[in-house]
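Coordinates in review
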Amino acid sequence: MQSFLKNHRWTILAAGAAIQILTGVPAAWGVFQGPVRAEYGFDEGAASFVLSLTIGAFGLGCVLGGFLQDKAGPRVAGFAGTALLSAGFFAAGFLPAERPWLFYLCFSVPVGLGSAFLYPAVMSCAQKWYADKKGLATGVIGGAVGLSGGALTFLVRFVSGRWGVRVCFWVLGGLMLAVCAVGSALLENPENARSPAKSAGRDFTPGQMLKTRQYKLLFLATALATPAVLLFSPVIVRLGQERGLSESAAHLAVVIGSVGSAAGRLAMPALSDRIGRRAADLILFAGLCGLSAAFAFAGGWWVIAVYTALTFCYSGEAAVLPSLCTDLFGIKHTGVNYGFLALGMSAGSIGFPLAARVLGLESARHWLACGAAAAGFVCLLGLRPTETGGSHNV
């Protein structure tokens, strides 16, 4: 396998993209939301919390999956993630109605964990094969994550519209099992994988990374990026209709938003190779702040335009994060180190929706997202390369 991959390393990118195009449940949850509410009898808050908890489990899973892939390799982590992801979708088709806690336990947790086991396995493996072009590797696989929202939107609308959302869950579970298992079988780290910038720094263990100021700032920034999109993605279809869009146009917001997400994941890592990770993220956080304010006043087709721009910025920030992690803390422990950074995503995805509900900020979510993005910008202003390691590209 090593010999084949050395001569055809694009295979790793192809396998990673195939896996990731089926794992974008958060990007497509706005399309799941309506059928799930109707079939399972959930109110909007309960249905939206399915997404929040899924992303929360994703952050925890990135840590666990990072440990697993660092110890046993990306193939084992990929197979474990495939099993969890497909099991969650299969289970959802059998769950009784009006039991949201059971849906959280049997769908949100395994789907979040499974997606997380797959993501660092794919991303760290690709970065090791493309250590000379980390932005390219991150962009290609991240672009597939972005397009996942559009692909899942078409599948959900087609299947659930004909046979119901339960059958849709079973179909998606089977598709994920087949594609992700084959893709995972191709994942293998290169022999003697090391960072080409090894001489410029050292590889931080997770314990060493957690003690650094850079980790704390980046954790906070990651959490503060979440409300700009995740406060709205579960309700984007309803929000679009309330602001003058037809039902089909409101669903189109999810599809076009996924295109924006893919564009952000493709473009921003490549740009960060040129101008530096921190500079790229500062541009993106400024965009999240300004667009969150503009979104409060958007109506009609402007809802789609502004939402798409927000998904571009949010996904671009998420796509730059793996490369920023390896630039700051080295590549040897990148799987688990990225997982600890992704816990910021978990904290933000659960904490901000809960805060919005407790504080009654339904109409002020835009300003909560705007303020959080501004605070994230300030965190990044204080980010510097690690004193005993890291890359000039930060």
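Residues numbered from 1 in each chain as written. Predicted model: local features only at pLDDT ≥ 70, side-chain atom pairs only at ≥ 80, totals over all residues. Heavy atoms only, no water.

Per an unreviewed UniProt entry, the recorded name for the protein is MFS transporter, and the organism is Candidatus Allofournierella merdipullorum. Its UniProt record, at the heading Subcellular location (unreviewed entry), says of the protein: "Cell membrane". (UniProt positions renumbered as here; feature names shortened; annotations may be inferred.)

Turning our eyes to something else, we now look at unusual backbone geometry. Although it is not a glycine, Glu98 adopts a positive phi angle of roughly 60 degrees. Note on Glu98: relative accessible area 57%, which makes it exposed. (Buried < 20%, exposed > 50% of the residue type's maximum accessible area, 1.4 Å probe, protein only.)

This part covers helix α8 (residues 165-185). Taking 1.5 Å per residue as the helical rise, α8 with its 21 residues ought to reach 30 Å, and the 30 Å between its terminal C-alpha atoms agrees with that figure. Val165, Arg166, Cys168, Phe169, Leu172, Gly173, Met176, Cys180, Gly183 and Ser184 are the residues of α8 that are buried. Projected down its long axis, α8 carries its buried residues within an arc of 130 degrees, all on one side. (Helix = DSSP H or I, 4+ residues; strand = E, 2+ residues; numbered from the N terminus. Expected span 1.5 Å × (residues − 1). Arc of directions from axis to C-beta.)

What follows concerns the packing of aromatic side chains. By convention here, two paired aromatic rings are described through the distance between centres and the angle between planes. Taken as a whole and assessed by the stated rule, the structure comprises 21 aromatic pairs. On the basis of an interplanar angle of 70 degrees and a centroid distance of 5.2 Å, the ring pair of Phe89 and Phe107 is categorised as edge-to-face. With Phe89 in helix α5 (residues 74-92) and Phe107 in helix α6 (residues 100-129), this residue pair connects regions lying 18 residues apart in the sequence. A relative accessible area of 0% places Phe89 in the buried class. These aromatic residues form a ring-pair network of at least three members: Phe32, Tyr40, Phe42, Phe89, Phe103, Phe107 and Phe169. Above the plane of the ring of Tyr130 lies Arg9, whose end atom (NZ or CZ) is 4.1 Å from the centre. Sitting over the ring of Phe295, Arg243 keeps its end group 5.5 Å from the ring centre. (Phe/Tyr/Trp six-rings, centres within 6.5 Å; stacked < 30°, edge-to-face > 60°. Lys NZ or Arg CZ within 6 Å of the ring centre and 35° of its normal.)

Considering the arrangement of structural elements, one finds Leu343 in helix α16 (residues 334-358). Taking the C-alpha atoms as reference, Leu343 lies 9.5 Å from Ile55; in sequence the two are 288 residues apart. Those residues in contact with Leu343 that lie beyond four places of it in its chain are Gly59, Leu60, Val63 and Phe219. (Contact = heavy atoms within 4.5 Å.)

All chains considered together, the criterion is met by 0 disulfides. Note on Cys62: no disulfide assigned, nearest cysteine sulfur contributed by Cys325 at a separation of 11 Å. Looking at Cys62, the relative accessible area reads 0%, which means it is buried. Here Cys180 stays free of any disulfide, with the sulfur of Cys125 as its closest cysteine sulfur at 15 Å. By relative accessible area, which is 0% here, Cys180 ends up buried. (Disulfide = S-S within 2.5 Å.)

A word on the pattern of salt bridges. Counted under the stated rule, the structure contains 7 salt bridges. Close ionic contact of Arg37 with Glu44 constitutes a salt bridge, the shortest N to O distance being 3.8 Å. Arg37 sits in the partly exposed class, given a relative accessible area of 33%. Across the pair Arg238 and Glu242 runs a salt bridge whose closest N-O atoms are separated by 2.7 Å. With Arg238 and Glu242 both in helix α12 (residues 236-242) and 4 residues apart, the pair spans about one turn of that helix. Take Arg238: its relative accessible area is 26%, and that puts it in the partly exposed class. (Salt bridge = Lys/Arg side-chain N within 4 Å of Asp/Glu carboxyl O.)

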